[in-house]
Amino acid sequence: DVKVTQSSRYLVKRTGEKVFLECVQDMDHENMFWYRQDPGLGLRLIYFSYDVKMKEKGDIPEGYSVSREKKERFSLILESASTNQTSMYLCASSFGTGSSYEQYFGPGTRLTVT
Amino acid sequence: AQSVSQHNHHVILSEAASLELGCNYSYGGTVNLFWYVQYPGQHLQLLLKYFSGDPLVKGIKGFEAEFIKSKFSFNLRKPSVQWSDTAEYFCAVTPLGWGKLQFGAGTQVVVTP
């Protein structure tokens, strides 16, 4: 079974702190994604990566950055956390071009910024 | 702007009732279509998907969906729901050749005993 793991299920941070969310997948997937999930808004794509050291902005990249130094690991960074970044963060991965694009999701990290 | 619309945000129904959740998208051309489900406290998982061929696709747990190209729709159905179908359901679309999914806002389904 494909497994996508995220470093924390729950996280509480203060405004202005730098926050790292880690995601690891074990299926040698080329593509990795970070979403935030908010009630009534569904999942919105923050950033994605289709290869090591490659990244592209999604629909809501402002206030976030990402890092992908190894194929299996994709990190989301909040440079200076703000209260409007309180949300559920989901990581996903999928095979690359020519595949079905089915995405496999991690359990999510519920981040609260106070 | 290209988008995915789910018609209902909340649905409440009794066990054994039939369920139909609407999904419409605005992309032109060929698309891949998905329904994902998120049970309480669990991660998002794939319910079913459509790429080509028979527009009626069957997924896990008795769910099916019908792709109607002329209506840009991909509606999810289950003839008889169970209490365990209580979950949030998301429709997602990706134009062919993309790796990104565009998700709808989700529909919260509550099945009462």
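Just above, that's the structure.
Because the structure is predicted, anything quoted here is derived from the model rather than measured.

Digging into the nonpolar core
With 29 residues, the main nonpolar core has Trp-35, Leu-48, Phe-74, Leu-76 and Tyr-89 of chain B as its most contacted residues. Core analysis: the second largest hydrophobic core is formed by 20 residues, Leu-21, Tyr-47, Val-66 and Leu-111 of chain A among them.

Some details on the pattern of salt bridges
Residues and elements named next belong to chain A. Summed over all chains, the structure comprises 11 salt bridges over all chains. Among the ionic pairs, Lys-53 bridges to Glu-69, the shortest N-O distance being 2.4 Å. Here Lys-53, found in the loop between β5 (42-49) and β6 (56-57), pairs with Glu-69, found in strand β7 (residues 64-70); they are 16 residues apart in sequence, far enough to count as distant. Take Lys-53: its relative accessible area is 58%, and that puts it in the exposed class.

Digging into the state of the cysteines
Counted under the stated rule, the structure contains two disulfides over all chains. Across the disulfide from Cys-23 of chain A sits Cys-91 of chain A; the S-S distance is 1.9 Å. Between Cys-23 of chain A and Cys-91 of chain A the sulfur-sulfur dihedral comes to about -75°; the bridge is accordingly left-handed. Taken together, the residues Cys-23 of chain A in strand β3 (residues 19-25) and Cys-91 of chain A in strand β9 (residues 87-94) connect sequence positions 68 residues apart. The class of Cys-23 of chain A is buried, set by a relative accessible area of 0%. Between the sulfur of Cys-23 of chain B and that of Cys-91 of chain B lies a disulfide, 1.9 Å long from S to S. Here the S-S torsion is close to -65°, and the disulfide linking Cys-23 of chain B with Cys-91 of chain B is therefore left-handed. With Cys-23 of chain B in strand β4 (residues 23-25) and Cys-91 of chain B in strand β10 (residues 87-95), this residue pair connects regions lying 68 residues apart in the sequence. Note on accessibility: Cys-23 of chain B and Cys-91 of chain B belong to one class, buried.

What counts, and at which threshold
Residues numbered from 1 in each chain as written. Chains lettered and ligands numbered in written order. Predicted model: local features only at pLDDT ≥ 70, side-chain atom pairs only at ≥ 80, totals over all residues. Heavy atoms only, no water. Core = buried A, V, L, I, M, F, W, Y, C linked by side-chain atoms within 4.5 Å. Buried < 20%, exposed > 50% of the residue type's maximum accessible area, 1.4 Å probe, protein only. Salt bridge = Lys/Arg side-chain N within 4 Å of Asp/Glu carboxyl O. Helix = DSSP H or I, 4+ residues; strand = E, 2+ residues; numbered from the N terminus. Disulfide = S-S within 2.5 Å.

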